[in-house]
Amino acid sequence: MAFSRRRHHHYSRRRWLIPAISAAFGFLLLFIFFLSILAPSPNGNRLFHLPRRHSSDDNDADNEIEDSQSHVPIKARSEGVSDRDIWSSRNSKFFYGCSNASNKFLKAQDITHPNRYLSIVTSGGLNQQRTGITDAVVAARILNATLVVPKLDKSSYWKDSSGFSDIFDVDWFIKYLAKDVSIVKELPLRRGQIWSPYRMRVPRKCTDRCYINRVLPVLNKKHAVQITKFDYRLANKLDTDLQKLRCRVNYHALKFADPILRMGEKLIQRMRMKSNHFIALHLRFESDMLAFSGCYYGGGDKERRELGKIRKKWKTLHDSDPDKARRHGRCPLTPEEVGLMLRSIGYAEDVHIYVASGEIYGGEETLTPLKALFPNFYTKDTLATKDELEPFSAFSSRMAALDFIVCDESDVFVTNNHGNMAKILAGRRRYFGHKPTIRPNGRKLYRLFLNRNYMTEKEFVYRVGKYQRGFMGEPKEVGPSWGVFHENPSSCICEKVDNATVEISHSSSRLETSSKVTSNDYDTDISENPELDMLLSD
């Protein structure tokens, strides 16, 4: 009985204790609330501020203009990135391009059948056509056929009437590849008349076995075959000698025509006269790119209407989800965001930038924040006179070729998308000495820019450096989605080991762990912020 009373006594004490704790907790919440009102804003000590971009409201265009002035970071070099050489790649001296054929690779004259002709019609713009030309040479080799100089696409979005010889040195192309593939400028006459080849298509990423099974029987019967829409019609993975042939075509045989080369060299010389080093930025913020990617940048109904109209030109595109595309890093950064990324990873205000681009969507208003971050801002139109560019200006592929030359020769190349030019140049720069090629980590940077109001400048810069680790163009720095051979020509990269040379092994290399993050790469004064990490997580 006494035990029962004691239990009831404790039960009574608990009954009044629980409300008391609840009341105390409530007062604590009120105290924190009032304290948060009196405390400074989380971004009160930030040295720069950018307008936040929204993704869905129709009033985005108005919200976007709230604060269009970027306050440039005061410090020239990022505190979040190690004191690296910003103009070169680590360990690049250990690597070089190698594409010579092996002793087993027979000469073209020994394997080419006399009555087999392969013709192809490329698709897309300059760099998409370049991949098609490269793969066409390899396809002709697989089929032991004579290649007819490829025909360029003249009916796509770009409406460029240029032929092969208008862009590339056709005689050099034929001569350089003479030992590998027999090439003629035109199909020979047949019984004194023009020979019309049999037209057909092949699937994308067609293997060498695919060409033997699908094309060779037709070629043996018709003797001349033309494959249309020839872009990415050859598999990524091929025999090593065929991969090396790809490299010989892309990096040696495809030389631009002399007028394009001379103008490109003038642009490079004029950049070098201004600075010993310069960045080339492939901004890719034209209306066609934004429309194709299905991205949205806060321009309201006007932007949706304009880009939606362009998007309809591609019949095979599905309805887009702009938020999802941005979250997954498939959208180009805005010019402003690219500028902030570059400043955060160590490129100071006095760095000279060459911008390779067509007409930027939004015009000068879109470019103003980037120019505020990098006043030494140049394009081919500012470096050359109108008269100098007149022979090229009516042809999109020739203008793109000028940009290609400057980007290829730049000390640092920054690509703002994952398109054909980015892939081709990334692979080419790997092959010719691993010159740095920086690509934004769009998936991570998207969330960082979205939540930039919740961190200091120091925190922002630190996180940009952290997220860009593995995206700075170092040797062996290859992500899971960067497997396109034109972007990563691993079969054509050799490594120096103890004054000797060996081809890179995918399984082992001194640089296998080069893209991993270490504590030495970042400012140790900045502590991790778990709440911010959660905010920025996928």
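Everything here concerns the structure above.
Read on for an overview of the structure.

The rules we used
- Positions within a chain are numbered from 1, following the residues in the order the chain's sequence is written.
- Since the coordinates come from a predicted model, pLDDT governs what is reported: local features require at least 70, and pairs of side-chain atoms require 80 or more to be given and counted, while whole-chain, interface and lining totals use all residues.
- The side-chain quantities take in all heavy atoms of the structure and omit both hydrogens and water.
- Every helix listed is a DSSP run of H or I at least four residues long, and every strand listed is a run of E at least two residues long, numbered separately from the N terminus.
- Three exposure classes are used, based on accessible area relative to the maximum for each residue type with a 1.4 Å probe and protein chains only: buried under 20%, partly exposed in between, and exposed over 50%.
- We call two residues in contact whenever any of their non-hydrogen atoms come within 4.5 Å of each other.
- Reported accessibility uses the Shrake-Rupley method at a 1.4 Å probe radius. Residues are deemed covered only where the shown protein chains occlude them.
- Should DSSP find at least two bridges between two strands, the strands are regarded as paired.
- Disulfides are defined in this document as cysteine sulfur pairs within 2.5 Å.
- For salt bridges, the criterion is a side-chain nitrogen of Lys or Arg within 4 Å of an Asp or Glu carboxyl oxygen.
- Centres within 6.5 Å are what make two rings of Phe, Tyr or Trp a pair, Trp counting through its six-membered ring; a difference in plane orientation under 30 degrees is then read as stacked, over 60 as edge-to-face, and the rest as tilted.
- By definition here, charges over rings are those cases where NZ of Lys or CZ of Arg is within 6 Å of the ring centre and within 35 degrees of the ring normal.
- Note on definitions: angles span 0 to 180 degrees between N-to-C directions of axes, and those axes are lines fitted to C-alpha atoms, for helices only across the stretch in contact.
- Between 65 and 115 degrees an angle is taken as roughly perpendicular, under 35 as roughly parallel, over 145 as roughly antiparallel, and anywhere else as oblique.
- Crossing handedness follows the turn of the near helix against the far one: under a right angle anticlockwise gives a left-handed crossing, and clockwise gives a right-handed one.
- As a working rule, the residues Ala, Val, Leu, Ile, Met, Phe, Trp, Tyr, Cys and Pro are called nonpolar, Asp, Glu, Lys and Arg charged, and the rest polar, with Gly in that last group.

1. So, the overall build of the protein chain
Okay, so step 1: Secondary structure assignment for the protein chain yields 22 helices and 13 strands.
Okay, so step 2: Looking at the protein chain residue by residue over its 538 residues, the buried ones come to 52%.
Okay, so step 3: Here the contacts in the protein chain between residues at least 6 apart in sequence split such that 79% fall between residues at least 24 apart.
Okay, so step 4: Surface accessibility of the protein chain: about 27200 Å² in total, with carbon and sulfur atoms responsible for 52%.

2. So, the sheet that holds strand S9 (residues 377–378)
Okay, so step 1: Strand order in the open sheet formed by five strands is S9-S8-S7-S10-S11, with parallel pairing between adjacent strands. The open sheet has two edge strands, S9 and strand S11 (437–438), and neither has a second partner.
Okay, so step 2: Of the pairings in the sheet, the one linking strand S7 (residues 278–282) to strand S10 (residues 412–415) comprises four bridges and is parallel in character. By the bridge assignment for S10, histidine 282 is matched with threonine 415.

3. Brief notes about the state of the cysteines
Okay, so step 1: Going through the model one piece at a time under the given rule, you end up with four disulfides.
Okay, so step 2: Across the disulfide from cysteine 98 sits cysteine 494; the S-S distance is 2.0 Å. Around the S-S axis, the bridge from cysteine 98 to cysteine 494 shows a dihedral of about 90° and counts as right-handed. Of this pair, cysteine 98 sits in the loop between strand S1 (95–97) and helix H3 (108–111) while cysteine 494 is found in strand S12 (residues 493–497), placing the two residues 396 residues apart along the sequence.
Okay, so step 3: By relative accessible area, which is 6% here, cysteine 494 ends up buried.
Okay, so step 4: Between cysteine 295 and cysteine 331 runs a disulfide, and the two sulfur atoms are separated by 1.9 Å. Since a negative S-S torsion denotes a left-handed disulfide, the cysteine 295-cysteine 331 link at about -95° is left-handed. A residue pair is termed long-range when its members are at least 10 positions apart, and cysteine 295 in the loop between helix H11 (287–293) and helix H12 (300–311) and cysteine 331 in the loop between helix H13 (322–327) and helix H14 (335–344) qualify at 36 residues. Residue cysteine 295 shares its accessibility class with cysteine 331, and that shared class is buried.

4. A few points about the environment of arginine 327
Okay, so step 1: As for its placement among the helices and strands, arginine 327 is situated in helix H13.
Okay, so step 2: A residue is classified by how much of its surface remains accessible, and arginine 327, at 31% relative accessible area, is partly exposed.
Okay, so step 3: Considered as a pair, arginine 327 and glycine 442 are 115 residues apart in the sequence and their alpha carbons are 8.1 Å apart.
Okay, so step 4: If we ignore the near neighbours within four places in the chain, the residues touching arginine 327 are Arg443, Tyr446 and Arg447.

5. Focus: the sheet that holds strand S3 (residues 146–148)
Okay, so step 1: Pairing in this open sheet of five strands is parallel, and the strands run S4-S3-S2-S6-S5 from one edge to the other. Of all the strands in the sheet, just strand S4 (183–184) and strand S5 (198–200) have a single pairing partner and so form its edges.
Okay, so step 2: Alignment of strand S2 (residues 117–120) against S3, held across two bridges, turns out to be parallel. Across the sheet, leucine 118 pairs through a bridge with leucine 147, a residue of S3.

6. Some words on the pattern of salt bridges
Okay, so step 1: By the definition in use, this model includes 19 salt bridges.
Okay, so step 2: Arginine 284 serves as the salt-bridge partner of glutamate 286, at 2.8 Å between the closest nitrogen and oxygen.
Okay, so step 3: By relative accessible area, glutamate 286 is classed as buried at 9%.
Okay, so step 4: Arginine 284 sits in the buried class, given a relative accessible area of 15%.
Okay, so step 5: Close ionic contact of glutamate 337 with arginine 326 constitutes a salt bridge, the shortest N to O distance being 3.0 Å. Remark: arginine 326 occurs in helix H13 and glutamate 337 occurs in helix H14; sequence separation between them is 11 residues.

7. Brief notes about the side chain of histidine 282
Okay, so step 1: Looking at where histidine 282 falls in the secondary structure, it is placed in strand S7.
Okay, so step 2: Residue histidine 282 is classed as buried on the basis of its relative accessible area of 7%.
Okay, so step 3: Among all residues touching histidine 282, those that are not within four sequence positions of it are Ala356, Phe413, Val414, Thr415, Asn416, Asn417 and Met421.

8. Digging into the packing of aromatic side chains
Okay, so step 1: Applying the stated criterion across every chain, the model contains 12 aromatic pairs.
Okay, so step 2: Aromatic side chains phenylalanine 164 and phenylalanine 168 sit 5.3 Å apart centroid to centroid with 45° between the ring planes, which places their arrangement in the tilted category. Phenylalanine 168 shares its class with phenylalanine 164; the two are buried.
Okay, so step 3: Three or more aromatic residues joined by ring pairs make a cluster, and in this case those are Phe164, Phe168, Phe173, Phe256 and Phe404.
Okay, so step 4: The ring of phenylalanine 105 has arginine 141 sitting right over it, with the charged end atom 3.7 Å from the ring centre.
Okay, so step 5: We note lysine 255 situated over the ring of tryptophan 172; from NZ or CZ to the ring centre the distance is 4.6 Å.

9. A word on the side chain of threonine 228
Okay, so step 1: Locating threonine 228 in the fold gives a position in the loop between strand S6 (224–227) and helix H9 (240–253).
Okay, so step 2: Taking the relative accessible area as the measure of exposure, threonine 228 reaches 12% and is therefore buried.
Okay, so step 3: In this view, threonine 228 contacts Val121, Arg199, Met200 and Arg201; residues no more than four positions away in its chain are not counted.

10. Some details on the packing of H14 against helix H15 (residues 363–373)
Okay, so step 1: Two elements in contact, H14 and H15, have axes whose closest approach is 7 Å; the angle formed by their N-to-C orientations is 15°. Judged by the inter-axis angle, H14 sits roughly parallel to H15. Considering how the two elements wind past one another, H14 and H15 form a crossing that is left-handed. Contact residues: Pro335, Glu336, Gly339, Leu340 and Arg343 in H14; Thr366, Leu367, Pro369, Leu370 and Leu373 in H15.
Okay, so step 2: Tallied by class, residues from the contact of H14 with H15 come to six nonpolar, two polar and two charged.

11. What about the pairing of S6?
Okay, so step 1: Neither face of S6 is left uncovered, since the one carrying Ala224 and Gln226 and the one carrying Val225 and Ile227 both have all their residues buried.
Okay, so step 2: By the bridge criterion, four bridges tie S2 to S6 in an arrangement that is parallel. Across the sheet, leucine 118 pairs through a bridge with valine 225, a residue of S6.
Okay, so step 3: Here S5 pairs with S6 via three bridges, running parallel. The residue bridging arginine 199 from the neighbouring strand is glutamine 226, located in S6.

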